[in-house]
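# Chains, contacts and geometry: an overview
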Amino acid sequence: MKKLLLLGDEAFAQGALDAGISGAYGYPGTPSTEIIEYIQKNPLAVERNIHREWSTNEKTAVESALGMSYAGKRSIVTMKHVGLNVAADAFVNSAFTGANGGILVTVADDPSMHSSQNEQDSRFFAKFALIPALEPSNQQEAYEMAHYGLDFSEKYNLPVLVRFVTRLSHSRAGIERREVTDENTLKLPEDKAQFVLLPAISRRKYKGLLAKQDDLEKESENSPFNKYIDAKDKSMGIIACGLAYNYLMENYQDKECPYPILKISQYPLPRKMIEKISTECDTLLVLEDGAPVVEEMLKGYLACGLKIKGRLDGSLPRDGELNPNIVAKALGFKENELLNIPEVVTPRPPALCVGCPHIDSYKALNEALSTYEKGHVFSDIGCYTLGFLPPYQAINSCVDMGASITMAKGAADAGLYPSVAVIGDSTFTHSGMTGLLDCVLDKANVVIVILDNYVAAMTGGQDSSAFGRIEQICLGLGVAREHIRSVVPLPKNHEEMVKVFREELAYNGVSVIVPKRECVQTLAKKNRSGRA
Amino acid sequence: MKLDIILAGVGGQGILSIAAIIGTAALKNGYYLKQAEVHGMSQRGGDVQSHLRISDKPIHSDLIPMGECDMILSVEPMESLRYLPYLSPTGWLVTNSKPFVNIPNYPEMDSVIDEIKKIRNNININADDIAKELGAARSMNMVMLGAASAFMDIKVDELRTAIRDIFERKGDKVVDSNLKAFDAGLDFSNKNRA
Ligand SMILES: Cc1ncc(C[n+]2csc(CCOP(=O)(O)OP(=O)(O)O)c2C)c(N)n1
Ligand code: SF4
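Bear in mind the structure is a predicted one, so any value in this text is a computation, not a measurement. (Residues numbered from 1 in each chain as written. Chains lettered and ligands numbered in written order. Predicted model: local features only at pLDDT ≥ 70, side-chain atom pairs only at ≥ 80, totals over all residues. Heavy atoms only, no water.)

### Regarding helix α4 (residues 58-70) of chain A
Every α-helix winds through 3.6 residues per turn, so residues three or four apart in the chain are directed the same way. Residue and element names in this part refer to chain A. In this model α4 runs 18 Å from its N-terminal to its C-terminal C-alpha over 13 residues, within 8% of the 18 Å that 1.5 Å per residue would give. Those residues of α4 lying buried are Glu58, Ala61, Val62, Ala65, Leu66, Met68 and Ser69. The arc that holds the buried residues of α4, viewed along the axis, is 160°, so those residues lie on one side. In the stretch just after α4, Gly72 is the one whose phi turns positive, near 95°. (Helix = DSSP H or I, 4+ residues; strand = E, 2+ residues; numbered from the N terminus. Expected span 1.5 Å × (residues − 1). Buried < 20%, exposed > 50% of the residue type's maximum accessible area, 1.4 Å probe, protein only. Arc of directions from axis to C-beta.)

### Details of the side chain of Gln13(B)
Residues and elements named next belong to chain B. Summarising the element assignment, Gln13 is placed in the loop between β1 (2-10) and α1 (15-28). Side-chain polar atoms of Gln13 contact the backbone nitrogen of Val10, separated by 2.9 Å. The contacts of Gln13, once residues within four sequence positions are left out, are Val75, Glu76, Phe100, Met140 and Asn141. (Polar contact = N/O pair within 3.5 Å; in protein donor to acceptor, adjacent residues only side chain to side chain. Contact = heavy atoms within 4.5 Å.)

### Quick notes on the domain arrangement of chain A
Residue and element names in this part refer to chain A. Along its sequence, chain A is organised into domain 1 (3-221), domain 2 (227-337) and domain 3 (357-524). On the side of domain 2, 27 residues touch domain 1, which itself brings 28 residues to the contact. Summed over both sides, the interface between domain 1 and domain 2 buries roughly 2300 Å², with carbon and sulfur atoms accounting for 51% of that surface. The salt bridge involving Lys263 is made with Glu141; its shortest N-O contact spans 2.8 Å. Joining domain 1 to domain 2, the criterion identifies 20 residue pairs in polar contact (both at pLDDT 80 or more). Looking at the side of domain 1 that touches domain 2, the elements that each hand over two or more residues are α7 (122-129), β5 (133-134), α8 (139-156), β6 (160-165), α9 (166-169) and α10 (199-221). When residues of the side of domain 1 that touches domain 2 are assigned to their parent elements, the largest contribution, six residues, is made by α10. Each residue belonging to the side of domain 1 that touches domain 2 can be placed in one class, and the counts come to 12 nonpolar, five polar and 11 charged. (Domains from an automatic or database assignment. Buried area = accessible area lost by both parts, 1.4 Å probe. Salt bridge = Lys/Arg side-chain N within 4 Å of Asp/Glu carboxyl O. Nonpolar A, V, L, I, M, F, W, Y, C, P; charged D, E, K, R; others polar.)

The structure is reproduced here in structure tokens:
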């Protein structure tokens, strides 16, 4: 069969389609975005009319998938690592309700923060929620794990977490497909109390969830994705999780690894295999592309057992992604002599595109605020975060989606004037609306600028749930009609925009200003496909 | 056979179109392939790179080990230097000499070219000008691919076939101008190789 050349994200998407999902839910976020984008374009998804629209945020996505699971059908949910923070309430409780139709919560972590505001390891969440986790080490496994994971989810009536990292999400390789499975038919849960988490029911369900853990461990011991590769030299055993296995094997490309290896791609940890490698070997080296989750578990707080090397003892860096060279060093190989990066090489940070509407908004905002001291603008996550950099230097915060509005409110509560929030349209509907309601209820003295470029541009121009309804939402939440101001961010409208900003800064109450103009990138893309 | 290439450039310059052609040729010949790309924030005019690995044996790491890369193929001169720690002592540095200036503190061009010339195996080609002279201004990437093909363990005819396969749906004219660009790059390297 002809191999398909797919990104890790796409391989998983194809796997999920072939495994008969009826819905894919998610909110865009690098490096997870391509999973749903692939499904949106896929002919089988179109033919089967599989749900594939973007959700408003990660929490609504997980809940929708849980609803699909209730109805007996299979689904996946996708997000980046920080999205799981947003969806955590639904995710953790879904371990208590359990699944009916199979459900895979697919989370892409970004070690080294190529495109993220923090580094966190989703395996912690799986352990925290007592949910089994899969961690593909290559594109073919990503494909296989969609089938395997959905079957597993239905076998144990539990959601399963699938953990990606950037280097797998965004790396291509040839994939072999399997046969296509039919979708599940509608079938409600047999236990009518399954999804009702009243305390009395929850207590029973919790015991059930705890009781399942032994079986989950046994499954990990027999998993096709966990492997024990024995070898003669027992002075060290190597535990390699997920992608770290590749970096290990890269160092033994043309020779055999002398040490026993335990490859782990399914959690909870396979207890018997761990016991075997730790009793047979004198020391352990733990390789993880993320946080030292397994290392910490094995080492324990007092570190009084076997000597364990990894990120906690300095054998590997404490943070950031792994690569073949870092692993080579931990294995004691001589380091290659490397050429240096010459001094002339200058950093080239990303920047707002030429003609970007955000530029005109920031220019006007900066001018309107020029009579005040600096430090009054709370912002958020999106292309417009680049407004922190020169030449704009227009914003003073970027924390988590939606935080601009609520931080501006808190600062205003503290007496800061003016207090301005700058938030993108997609971020506004993701997590800004509830904060705006807080502002309205408290009559906070804030100016909220909702940069409406029609799409979620930072992640590649996905549809925004806010499209065409921002003013309606603000009105509905109780912002006064005369203080909802639309402007068109273009150089020729600069004076008018400055005037609008100044007027609203002078108003003591909640103002919303909506600069509206499409992202030039998505506009260009549309024009190109329009011509073709 | 093992061929590890780092493709380098600036977000928006389209380095992935080069990767797609080499990848198509490699797969057609039954080679294994892994290709790590950069998506996300850096695509807004930041530095971007792609690790392209081709081998007749299964490939483990998606990332090329530092010091072992066979070629840096860059569509921008300063960017070609950013990945030098990856280059093997016998590797080739093939770069476009036309700078892409989108930062206020872009270094002196002479100092950039001096650094490129310090690399034992280097090809430094004004691919933008060559493409323009051919009347195929948008085929700069194909000039670069042609220039690099002189040092790759893949037959140039297979790359030509891949160019045809990939641009086919855009019509004969596009195929031809890309092939012309490719050949001009190849010709340059053959004349200028040390
Ligand atoms: C919880 C969470 N989910 C997703 C992301 C990824 N993300 C960052 S910016 C962004 C899109 C923002 O779109 P918008 O607010 O419209 O701003 P634009 O980029 O269009 O300027 C997304 C999805 C994130 N950082 N955090
Ligand atoms: S992608 Fe769109 S929103 Fe983002 S910087 Fe470019 S023009 Fe602006």
